[in-house]
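# Structural overview
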Amino acid sequence: MDGALSSRPSACPACSAAPSAEQLADAQAPKDARLFLSLPTIHCAACIAAVERALNAYSGVHEARVNLTLKRVAVEADPEVTAEDLIAVLAGIGYEAHELDPGVIAATATDRAGRDILMRIAVSGFAMANVMILSVAVWSGASDATRDMFHWISAMIALPAIGFAAQPFFRSALAVLKHGRLNMDVPISLAILLAAGMSLYETAQSGQHAYFDAALSLTFFLLAGRYLDHRTRAIARSAAEELAALEVPRALRRRADGTEETVPIAQIAVGNTVLVKPGARVPVDGVVAEGQSEIDRSLLTGETLPAFAGPGMALSAGEVNLTGPLAVTVTAAGEDSSLHRMADLVAVAESARNRYTSLADRAARVYAPGVHLLALAAFIAWLWISGGDVRLALNIAVAVLIITCPCALGLAVPAVTTAASGRLFKRGMLIKDGTALERLAEVDTVVFDKTGTLTMGTPELTNLADHPRRTLEIAAALAGASNHPLARALAAAAQGAGIRPASVTELQEVPGHGVQARLAGETVQFGRAAWVGAETGTQTAAWLRIGQGAPVAFTFSDSPRPGAEEAVARLHAQGLAIKLVSGDAPGPVADLAARLGIADWTAEALPEDKAAQVAALADQGHRVLMVGDGLNDTAALAAAHVSISPASALDAARVASDIVLLGNDMAPLGEVVDTARRATRRIHENFSISALYNLIAVPIALVGLATPLAAALAMSASSITVSLNALRLR
């Protein structure tokens with residue numbers, strides 16, 4: 001925050017060392033219920049549409065957003081809406097749902113689902129190998145009774161194996177068909193059943209050919225494709241999941257009699273005392289009551305150096321206690337903790353709709369009925385062309401059913417969004433708005449605030465000894481009424497020197513200018529140079545004027561944030577125009593601009609001046625990224641195409657921004673635009689991959705050049721290709 005004095009909440013020493021996650025989340029506390037449900041049985045865009053349509057139609061639900069990559073739905077609803085209500089709604093349309101407990105589900109669901117698929121792959125693969133051995137005998141010339149015997153043995157192996165291994169497809173398809181809906185497991189199940197049924201018919205009729213090996217191969221490769229897709233999604237684990245994984249399910253609580261007990265986090269209440277041993281993760285938000293230690297905040301803030309923690313210091317859930325035992329008085333736990341609310345915010349952002357998501361949804365919505373109509377048309381056409389050859393017509397129809405599955409299209413956007421948000425989170429950038437990546441990719445101009453943004457915002461008074469005691473007493477009285485960084489620095493320096501504030505009356509803050517009061521019948525003012533009638537100097541300064549006397553300057557020094565020079569250089573290298581707009585004096589602004597290599601700078605800018613500059617750039621057709629931290633930056637942050645604030649910023653600035661920089665290091669800011677541009681390119685590439693796949697694969701299937709097995713391989717390959725392309729962001 002630059003220039004004029006304005007209100008800013010005080011920060012505890014711990015927060016100054018590394019901003020607390022609670023600072024980030026406090027202003028974001030949801031007014032309505034925000035519920036997350038795990039959806040283990042969804043697989044395609046038709047599932048997304050069905051789930052969202054059903055939930056959005058439920059009374060009290062404001063918005064439901066499905067994240068296919070994470071297999072979850074985020075629901076914003078009235079407080080009286082419960083997870084049980086929504087689970088019943090989804091059960092009514094054939095979908096299994098569970099309330100998402102990040103401390104348990106996020107840690108186990110992925111592994112459990114993967115093990116289940118692997119077991120079914122093993123069963124289908126073993127059966128496929130045995131049936132293929134039997135098929136070799138038939139292909140080698142076995143005939144009549146011998147051939148029939150091998151076919152029946154194959155049937156006894158294949159049918160139970162298919163019944164077990166293909167259950168994920170069958171259960172999903174049956175659940176939606178019961179309620180008159182379609183998803184992409186319907187054509188897959190139909191294809192498997194047709195292949196197995198046709199083989200059983202041929203065996204019963206003593207036919208020369210049976211296709212049990214093909215039915216098993218189809219099941220095996222479809223499961224293999226689903227497992228590979230499952231693994232790529234797990235690798236692209238989102239920032240929300242990473243935050244949720246930091247939550248501790250149990251805590252060591254101190255009883256009233258001094259003994260200890262281990263209890264679930266759900267039983268921890270505000271005011272309890274929990275014990276955190278060295279090496280353990282902090283389970284709650286709280287204040288250190290006893291002990292001293294060092295705290296690792298790197299996973300939450302990106303800070304690599306440990307922060308000191310002692311009595312009175314604030315801690316956040318998810319931080320790691322490094323060296324000494326601590327007793328912590330609980331201020332928030334479980335769903336009320338800052339860590340949990342941060343995870344909720346990010347999950348909502350990752351599930352948000354952008355124009356690419358809407359495009360994919362519209363395209364995928366017509367696929368489910370279209371696939372079945374296309375397969376039916378292929379069957380009828382080939383039945384007529386082949387002169388009634390049912391086997392050939394069925395084979396082609398099955399291939400069409402499988403090869404046209406739009407799984408790749410359904411993954412095109414969420415896989416990229418999840419990978420990009422995870423990458424930025426690891427670099428210390430927390431995305432609050434799901435459309436921020438899309439807008440960041442369009443940015444061509446970056447506007448920086450100075451104090452608290454490019455600098456640490458913790459100035460130190462440099463000329464205390466130059467002023468008489470009475471002047472210092474008056475200045476301390478006025479500075480104590482503001483939480484502006486310069487005012488705080490002066491008040492702290494005066495207190496440290498034993499200066500007691502003067503007694504003043506009619507104390508009043510003038511937004512954008514400073515603080516004034518009455519003293520012995522005179523007006524006293526403390527604030528920016530132009531307001532008190534002083535000439536602007538070359539240093540960062542706040543000015544005091546007593547009555548009609550000459551203004552006197554209090555000068556300050558401030559240091560650039562770590563990584564600021566690197567961030568500006570990287571943004572320049574990406575072809576972005578850089579501007580520095582500050583409320584500070586021309587001298588310090590010019591010095592910082594020269595040091596960081598910023599040629600275009602403006603000093604002594606009022607809050608309305610910053611917003612006006614951003615608006616003017618927008619009117620000229622520029623896409624502006626605004627980076628600021630103070631109350632006087634809020635209007636500019638809101639007016640920008642996309643905005644970023646440090647975690648140490650004022651609450652109002654964090655609310656107005658789309659992305660939060662978690663740590664003190666500015667270096668990650670240098671790659672945020674590049675990552676967004678790469679994410680957009682990956683989305684375009686994924687759309688192209690999906691379109692190219694369908695342009696090539698569908699005609700091949702329709703003209704009879706693709707077997708059901710080849711179709712299964714092609715469909716799985718397209719989904720995996722899209723997921724792997726998204727993972728290139730990681």
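Residues numbered from 1 in each chain as written. Predicted model: local features only at pLDDT ≥ 70, side-chain atom pairs only at ≥ 80, totals over all residues. Heavy atoms only, no water.

## A few points about the confidence of the model for the protein
Note the following rule: pLDDT measures how confident the predictor is about each residue, on a scale from 0 to 100. Here, two residues are considered to be in contact whenever any of their heavy atoms come within 4.5 Å of each other.
For the protein, the average pLDDT comes to 77, and 79% of its residues sit at 70 or higher. This model gives residues 102-108 a pLDDT under 50, and the stretch forms 9 contacts once residues within four places in sequence are excluded.

## What to know about helix α24 (residues 607-619)
Rule in force here: Elements are defined by DSSP. Helices are runs of H or I of four residues or more, strands are runs of E of two residues or more, and each kind is numbered from the N terminus. In this analysis, the expected span of each helix is defined as 1.5 Å times one less than the number of residues it contains. When a residue's accessible area, from a 1.4 Å probe over protein chains only, is under 20% of the maximum for its type it is buried; when over 50% it is exposed; and in between it is partly exposed. By definition, the arc is the one covered by directions from the helix axis to the C-beta atoms.
Taking 1.5 Å per residue, 13 residues should reach 18 Å; α24 reaches 19 Å between its end C-alpha atoms and fits that length. Three or more residues of α24 are buried, namely K610, A611, V614 and L617. Projection of α24 onto a plane perpendicular to its axis shows the buried side chains occupying an angular sector of 125°, all on one side. When the buried face of α24 is taken as reference, the exposed residues oriented beyond 90 degrees from it are E608 and D619. Tucked into the core, α24 has its buried residues touching β15 (445-448), β22 (577-581), β24 (624-627) and α25 (634-639).

## A short note on the sheet that holds strand β26 (residues 659-661)
Selection criterion: A strand pair is defined by DSSP finding two or more bridges across the two strands. Each axis is a line fitted through C-alpha atoms, and for a helix only the stretch in contact is used; angles between axes span 0 to 180 degrees, taken between their N-to-C directions.
On the basis of which strands lie adjacent, the open sheet formed by 7 strands has the order β14-β26-β25-β24-β15-β22-β23 and mixed pairing. Strands at the two margins of the open sheet, each flanked by one partner only, are β14 (429-431) and β23 (600-602). Looking at each pair of strands side by side, their axes are set apart by 20° on average, direction ignored.

## Some thoughts on unusual backbone geometry
Most peptide bonds take the trans configuration, and most residues that are not glycine carry a negative phi. Phi is positive for E506, which is not a glycine, with a value near 55°. Along the chain, E506 turns up in strand β17 (residues 505-510). We classify E506 as exposed; its relative accessible area is 61%. Notably, A520 is not glycine yet its phi reads approximately 55°, a positive angle.

## Structural notes on the pattern of salt bridges
Pairs can form between side chains of opposite charge whenever their charged atoms are close. As a reminder of what qualifies: Between Lys or Arg on one side and Asp or Glu on the other, a salt bridge is scored when a side-chain nitrogen of the former is within 4 Å of a carboxyl oxygen of the latter.
Inspection of the entire model under this criterion finds 13 salt bridges. Its salt-bridge partner being R120, residue D116 comes within 3.1 Å of it at the nearest N-O pair. Of the two residues, D116 and R120 are both situated in helix α5 (residues 105-139); the distance of 4 residues between them amounts to about one turn of the helix. By relative accessible area, D116 is classed as partly exposed at 27%.

## Let's talk about the sheet that holds strand β13 (residues 326-332)
Strand order in this open sheet of 6 strands is β6-β5-β7-β13-β8-β11, and the pairing throughout is antiparallel. Each of the sheet's edge strands pairs with one partner strand only, and the pair in question is β6 (260-264) and β11 (314-315). Sheet analysis places strand β8 (residues 285-290) next to β11, joined by 2 bridges and oriented antiparallel. Each residue of the ladder has a partner; that of V287, found in β11, is A314.

## Structural notes on the pairing of strand β19 (residues 522-527)
Sheet topology note: the strand β18 (residues 514-519)/β19 ladder contains 6 bridges and is antiparallel. The partner of A517 across the bridge, within β19, is V524. A loop of 2 residues connects β18 with β19, the two strands running antiparallel in sequence, and A520 in this loop sits at a positive phi of about 55°. The pairing of β19 with strand β20 (residues 540-546) spans 4 bridges and is classified as antiparallel. The partner of F526 across the bridge, within β20, is L544.

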